[in-house]
Structures are given as C-alpha cells and as structure tokens.
Amino acid sequence: MTLAFDGTVVVPAADPDDGERTAAALAPHLTPTSTVIAVNVIEKSGGGIDKAPMEQREEYADEIFERIRRALETTDATVETDVLYGTDIVERIFAEAKERDADAVVFTAREGNRLAELLTGDVARRMVKEASVPVVALPQTDA
C-alpha cells in the first residue's frame, strides 16, 4: 500500500527539528495536488504571564517554517504556513484543520520519556485521542 496525500494536510510543528523531521517524513507522500499547511501554535497563558515575548516566539515560528519549506522544496506540493494562537494547542490545531477543510493532521511523534510526556500533557497522545479529523503519525526518517 502506498500512502499519498493529494488534498490538504495540517502539519503542526513545535520546533525547527520537529518541523524538518515531519516534513522529511511527509515529502514522499505528497502529490502535485497536495497542500501542506504548516502551523506553529503559540500557546497563550490565558491571563497569566506568557512563556516568552511574542516577537521572539513569532521569529521562532519563522525558523520552523523555513526548515519545513526547505525539506519540502523538492516536492510539487503547495506549502502554506500559519502562526496560530491559543490556550490549548490540540484544540487550536483541530480548529485550524476544520477551518481549512483539511483531510488530515499529519505529524511525527517526538522522542521523549514518560516524565516529559507527563509534564507537557503529551500533545501527540491527545491529538490521536481527541481527533476531529483523521490523524496520521508518520514514522521518523533518517533525513
């Protein structure tokens, strides 16, 4: 079986390495009719103090998007990027997927230990459990 995404996929990325890793794993599955919407969610504190200055976080998102674009430049897919803001990362990703009429949310799970998962709320697990559109977890590649 060959997996191909010939529609719209939302690709969340938390950091530049994550974005590049996911894009490299996704690239072989794209077609000329694919649209990749790479997103980075800037988590707002909901009334508390934010983790970092907004300008710094937006610059970081630009770095993420640049690495994704570079990893996908050999494909014929359309690549769009969007910085999202929200108090719940998973809810915001699925809201964007619904708004963009995406066929799937695609990611590669980041390596981490159980303690890290407990501290971060395990976004990958929540994405699978709370999915409102199909979710595809791609295997990591060596690229």
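Reading the values: rules and limits
Residues numbered from 1 in each chain as written. Predicted model: local features only at pLDDT ≥ 70, side-chain atom pairs only at ≥ 80, totals over all residues. Heavy atoms only, no water. Core = buried A, V, L, I, M, F, W, Y, C linked by side-chain atoms within 4.5 Å. Buried < 20%, exposed > 50% of the residue type's maximum accessible area, 1.4 Å probe, protein only. Helix = DSSP H or I, 4+ residues; strand = E, 2+ residues; numbered from the N terminus. Pairing = 2+ DSSP bridges. Axes fitted to C-alpha atoms, helices over the stretch in contact; angles between N-to-C directions. Contact = heavy atoms within 4.5 Å.

(A) Inspection of the nonpolar core at higher detail. The biggest cluster of nonpolar side chains holds 20 residues, and the ones touching the most others in it are Val9, Leu26, Leu30, Val36, Ile68, Leu72 and Val106. Listed by contribution, the elements that provide at least two residues to this core are strand E1 (8-12), helix H1 (16-26), strand E2 (35-43), helix H2 (54-72) and strand E4 (104-107). The biggest single contributor to this core is H2, with 5 residues. Ranked by size, the runner-up nonpolar core spans 14 residues in total, among them Val10, Val41, Leu84 and Met127.

(B) How the structure looks around the sheet that holds E2. Taken in spatial order, the 5 strands make up an open sheet running E3-E2-E1-E4-E5, and their pairing is parallel. For this open sheet the edge positions go to strand E3 (78-86) and strand E5 (135-137), each flanked by a neighbour on one side alone. Direction aside, the axes of adjacent strands within the sheet are offset by 25° on average. Strand direction decides the pairing type here: E4 and E5, joined by 3 bridges, are parallel. Its bridge partner lying in E5, Val105 is registered against Val135. Sheet strands touched by H2: E2 and E3. Its angle to E2, the strand with the most contacts, is close to 155°. The strands touched by helix H3 (residues 89-99) are E1, E2, E3, E4 and E5; relative to E2, the strand with the most contacts, the crossing angle is about 150°.

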